[in-house]
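Coordinate analysis (summary)
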Amino acid sequence: MPADFRFALRALRRTPAATAVLLLVLALGIGANTALFSLADALLFRPLPVPHPEQLVSVGDPARPGGLSEGTPRADLFSYPAYADVRDAARTVAGLYATGRAERLDVIVRQGPATAAGEAEHPRARYVSGNFFGVLEVPAFRGRTFTEAEDRVAGGAPVVVVSHGYWTRRLGGDPAAVGRPLVVNGTPLTVVGVTPPGFTGDVVGQPAELWIPITMQPVLAATHTRLTSRSVSWLLLMGRLAPGGTAERARAELVPLVTRSLADHVPAADAGGVARELRRHPVRVEPGGRGFSADRQAFGPALRVLGAAVGLVLLLVCANVAHLLLARAAARGREMSVRLALGADRRRLLRQLGVESVVLALGGAALGLVVAAGATALLLRLASRGPRPLPLGAGLDARALLFTAALALAAALLFGLAPALHASRVELASALRTQGRGLTGTARGGGRLRGLTAGPLLVVAQVALSAVLLAATGMLGRSMRGVERADLGVARDRLLVVTLDVGRTDTAAARRLARMRALAERARQVPGVLAATPSENGLFSGTESGTTLQVEGFRAAADADTVVQYDVVGPDYARTVGARLVRGRDLLASDDESGAKAALVNASMARFFFPGQDPIGRHVTMDSATYAIVGVVADVQGQGVRDAPTRRLYVPVAQAPDRLDRYSLLVRTAGDPARAAGPVRQALHAADPSAVVLDASPLDALVRDSVGEDLLVARVVTLFGALALGLAALGLYGVLAHATLRRTNEFGLRMALGADARHVLGLVLREAAVLVAGGAAAGLPLSVAAARLLRHQLYGVEGGDPLTLVGVVGVLGATALLAAAVPARRATRVDPMVALRSE
């Protein structure tokens, strides 16, 4: 066997140009698959870096690690009292911890070489129960982790554990940093430990840098305490199975415990709301070894589509390499016939050719790892919703290397089998008689396409697979253009959305309201700004508020009839965002804390609650506050392009002053909103340095970010479509060039007997058309079927879109013409006298 490998290397070195082409094509196919595997593995499959992750079970919706809901208790997120109920009663788990979002934290490192005195930063942090590290069985790299006693008393544990990355980056990797304080929102927290390298928490795609005991939340966010209220749902739970326990047993115990906790501690008036919540979101208890992740749910469908796309690319690569190896096998016919004549059996030839395929595949895989490293970084950049790549540890680890090796061997089998069989079945007597002048194998019939069956069939398959990818590219491209042109019901090309965090230390509602008004007024003074108004949820922010309400004169037929979405907004909201006022008036500055409560409703809400009636002057009651409807605005697509219009209520921010910690400032501009982003940022910072501008983006950019998964699929599939088209063109060129070479004598005789160049040209182009027509005939039905896989990524485009399919046929035809041009031109230049002498 070592001799076979040495011979294979010598054989590949004899044709360096052809070998380089083969290695490059294989590197592209294998590298693309490895890159996608690395991303999918990091996001979908890889377990948390903790001991025995298979023993973990999650409770709640693992896609909502940053969720927060106030009002009726939820069943996919939990309050701290509900967590305590379940934790104290559970027996199937050895421990159950809680973890929840920590909003903006102002952190000051007073000592250490990496930071200036008094400079605040805002690291990503999580509130966790005291048994967090114990349940995960994560030891401290330096110092210690939390103890269970540190979540028993509110405000009683002013400590913090930092990640290894934060320790090295911000604390200089100083062992003496353990024991020093970090000032978090004005409160000193002692660093008691550092986590091991590689551990960034239990939320995949959102690496944490600080972990703070959950009992410190009321101290660090005094205006929004969440520790004692059962109406604030914000925690996810994770447990480790007790010895001998199973996920099924844990589910059978924990679901009733959660249900009982929700039902037993709710006022009678809210009992119906809890029942509705349990029907809408049944309690989820499932294996938790992969951690929590919002990105997993968002990118899962996109990664499945891309997996199919890179699989098609690999098949195309294998088909192309197989065709090139067929040509090599034909050229080596003389060699194979001599070896057979000297006594080698066909199995020995098959083994040698198989070893050559494996060597070629392994070389392509080695180069593919280089391609994969760059492609993985590119995929993470394309998948990001902001300027920084998606923070996933998607790299070339041992799992990726094993995948690449397995893929290389599978590819060797796919592209090496047909050429090896073809070469080993040489007809000995016929091959020796030709003295190397002809080509070998089972090819008969003068070299027409019908004579060399394997090559043309591979090209037909390549064209069919290319048609599938090109159709996907066309449909996704049209879908993205539809998203860019979609009517959202607002002036999307003139809106700047500024996300503000004004902190949680200012507890006086009147003072916070004054700050909000001052910031809005300062934004209006920026040159080029026409209007500015606050909004709790903003537009395309990813956050939404919902509630149940009572409507004057309306009798609900079902529980869902009283559910609406709502937003807390500032004066002139409709005018600022460019929403059309259907009836009544907009909200005004006079709709303040001293005025009568007023509200806007959208057209969908007006039609549902007041069919055929005038809603102006009617009243709705939300959270014990009654509002008079003063206006109706047209429906606005506020959070998703594909979302169907929902019933929506708008109430004045001045009449809900407790909602002013983090909000959006919607800014209407006279020109390009991107140009106003910098001046607005500077103006807001100058007006209130304590207010942090988290983001300032044009609405169009936020709309594109909201379909980031679709954009990722569209960009990558377009890249793969171009690659597939190039591979198909290369395969078509190879087949036609090979057939033209074999038919040199025929073309010469035809021209000697009077055929002109146009006739010969038509023969070659006709053969190209037959191949492309066969591929298109197979590929277009496959494209329609494969479009079902894209249904979640398409907007305004049907799977069997005729315009796209016509475009695919046109592109394939043009590609065939280009690929056939050189062989056809060569055929027309055959010298008849040379052809006659060769006969």
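Residues numbered from 1 in each chain as written. Predicted model: local features only at pLDDT ≥ 70, side-chain atom pairs only at ≥ 80, totals over all residues. Heavy atoms only, no water.

1. Observations concerning the overall build of the protein
Scanning the protein from terminus to terminus reveals 24 helices and 26 strands. Looking at the protein residue by residue over its 839 residues, the buried ones come to 53%. If you sum the accessible surface of the protein, you get close to 35400 Å²; carbon and sulfur atoms cover 59% of it. (Helix = DSSP H or I, 4+ residues; strand = E, 2+ residues; numbered from the N terminus. Buried < 20%, exposed > 50% of the residue type's maximum accessible area, 1.4 Å probe, protein only. Areas by Shrake-Rupley, 256 points an atom, 1.4 Å probe, with all protein chains shown as cover.)

2. Points about the pairing of strand E6 (residues 125–128)
Side-chain alternation along E6 places Ala125 and Tyr127 on one buried face and Arg126 and Val128 on a second face that is also buried. The pairing of strand E3 (residues 93–101) with E6 spans three bridges and is antiparallel. Note on E6: the bridge partner recorded for arginine 101 is arginine 126. Pairing of E6 with strand E11 (residues 210–213), which is carried by four bridges, proceeds in the parallel orientation. Directly across from arginine 126, in E11, lies its bridge partner tryptophan 211. (Pairing = 2+ DSSP bridges.)

3. A look at the pairing of strand E17 (residues 545–548)
Residues Ser545 and Thr547 point to one face of E17 and are all buried, whereas Gly546 and Thr548, pointing to the other face, are not buried. Note that E17 and strand E19 (residues 563–569) share four bridges and pair antiparallel. Note that in E19 the partner of threonine 547 across the bridge is valine 564.

4. A short note on the pattern of salt bridges
As enumerated under the stated definition, the model contains 27 salt bridges in all. Between arginine 492 and aspartate 700 there is a salt bridge whose closest N-O contact spans 2.7 Å. Separated by 208 residues along the polypeptide, arginine 492 in the loop between helix H14 (454–485) and strand E15 (495–501) and aspartate 700 in helix H19 (residues 699–706) bring together distant segments of the chain. For arginine 492, a relative accessible area of 11% gives the class buried. The class of aspartate 700 is partly exposed, set by a relative accessible area of 22%. Connected through salt bridges with shared partners, the residues Asp41, Arg46, Asp397 and Arg399 form a single ionic network. (Salt bridge = Lys/Arg side-chain N within 4 Å of Asp/Glu carboxyl O.)

5. What about the packing of aromatic side chains?
Both the distance between ring centres and the angle between the ring planes are used here to describe each pair of aromatic rings. Scanning all chains against the criterion turns up 15 aromatic pairs. Note on tyrosine 127 and tryptophan 234: the rings are 6.1 Å apart at their centroids and 80 degrees apart in plane angle, and the pair reads as edge-to-face. Taken as a pair, tyrosine 127 in strand E6 and tryptophan 234 in the loop between strand E12 (232–233) and strand E13 (235–241) lie far apart in primary sequence, 107 residues in all. Aromatic pair phenylalanine 608 and phenylalanine 609: ring centres 5.1 Å apart, planes at 85 degrees, arrangement edge-to-face. For phenylalanine 608, a relative accessible area of 31% translates into the label partly exposed. (Phe/Tyr/Trp six-rings, centres within 6.5 Å; stacked < 30°, edge-to-face > 60°.)

6. A short note on the side chain of serine 697
Among the structural elements, serine 697 can be located in strand E26 (residues 692–698). On the basis of relative accessible area, serine 697 is assigned to the buried category, the value being 13%. Within polar-contact distance, the side chain of serine 697 engages the side chain of aspartate 695 at 2.8 Å. In contact with serine 697, other than residues within four places in its own chain, are Leu495, Leu496, Val497 and Leu702. (Polar contact = N/O pair within 3.5 Å; in protein donor to acceptor, adjacent residues only side chain to side chain. Contact = heavy atoms within 4.5 Å.)

7. With respect to the nonpolar core
Ranked by internal contacts, the top residues of the largest apolar core, which has 138 residues, are Trp211, Val321, Phe415, Leu539, Leu699 and Leu812. Of the residues forming this core, the biggest block, 16 residues, is contributed by helix H9 (residues 294–331). Beyond its immediate stretch of four places on either side in the chain, leucine 699 contacts Leu488, Val490, Arg492, Leu495, Val497, Leu539 and Phe540. Judged by nonpolar contacts, the second largest core, of 50 residues, contains Tyr80, Val160, Val258 and Val266. (Core = buried A, V, L, I, M, F, W, Y, C linked by side-chain atoms within 4.5 Å.)

8. So, a positive patch on the surface
A surface patch of positive charge is lined by Arg6, Arg10, Arg13 and Arg14. By secondary structure assignment, the location of arginine 10 is in helix H1 (residues 2–13). Under the relative-accessibility criterion, arginine 10 is labelled partly exposed at 40%. (Patch = residues over 30% accessible without salt bridge, like charges linked within 9 Å, V, L, I, M, F, W, Y side chains within 5 Å. Lys, Arg positive; Asp, Glu negative; His and termini not counted. Charge placed at Lys NZ, Arg CZ, Asp CG, Glu CD.)

9. Considering the confidence of the model for the protein
Looking at the protein, pLDDT values average 83 and 87% of them are 70 or higher. Below a pLDDT of 50 lies the segment residues 112–118, which in the model reaches eight contacts outside its immediate sequence neighbourhood of four places, other chains included. Ignoring residues within four places in sequence, the model shows residues 435–452, a span with pLDDT below 50, making 36 contacts including any to other chains. (pLDDT = per-residue confidence, 0-100.)

10. Observations regarding unusual backbone geometry
A positive phi is found at glutamate 137, a non-glycine position, where the angle reads about 60 degrees. Although it is not a glycine, asparagine 185 adopts a positive phi angle of roughly 50 degrees. Locating asparagine 185 in the fold gives a position in the loop between strand E9 (181–184) and strand E10 (187–194). For asparagine 185, a relative accessible area of 17% gives the class buried.

11. Structural notes on a nonpolar patch on the surface
Together, Val21, Leu730, Tyr733 and Val822 give the surface a local cluster of nonpolar side chains, amounting to about 290 Å² of exposed area. Its place among the elements puts valine 822 in helix H23 (residues 802–827).

12. With respect to the environment of leucine 803
Inspection of the secondary structure assignment puts leucine 803 in helix H23. Placed 325 residues apart in sequence, leucine 803 and arginine 478 show a C-alpha to C-alpha distance of 9.9 Å.

13. What about the packing of helix H15 (residues 509–524) against helix H18 (residues 673–687)?
Where H15 meets H18, the axes come as close as 9 Å, and the angle between the chain directions of the two elements is 140 degrees. Taken together, H15 and H18 sit at an angle that is classed as oblique. Considering how the two elements wind past one another, H15 and H18 form a crossing that is right-handed. Of the residues in H18, those in contact with Leu519, Arg522 and Ala523 of H15 are Ala683, Leu684 and Ala687. Its residues placed into classes, the contact of H15 with H18 shows five nonpolar, no polar and one charged. (Axes fitted to C-alpha atoms, helices over the stretch in contact; angles between N-to-C directions. Parallel < 35°, antiparallel > 145°, perpendicular 65-115°, else oblique. Left-handed = near helix turned anticlockwise from the far one by under 90°. Nonpolar A, V, L, I, M, F, W, Y, C, P; charged D, E, K, R; others polar.)

14. Points about the packing of helix H3 (residues 80–89) against helix H7 (residues 247–264)
Interhelical geometry of H3 versus H7 gives an angle of 140 degrees and a closest axis separation of 9 Å. The pairing of H3 with H7 is recorded here as oblique in orientation. In the crossing of H3 with H7, the sense of the turn from one axis to the other is right-handed. Mapping the contact onto sequence places Ala82, Asp85, Val86 and Ala89 in H3 and Glu253, Leu254, Leu257, Val258 and Ser261 in H7. Tallied by class, residues from the contact of H3 with H7 come to six nonpolar, one polar and two charged.

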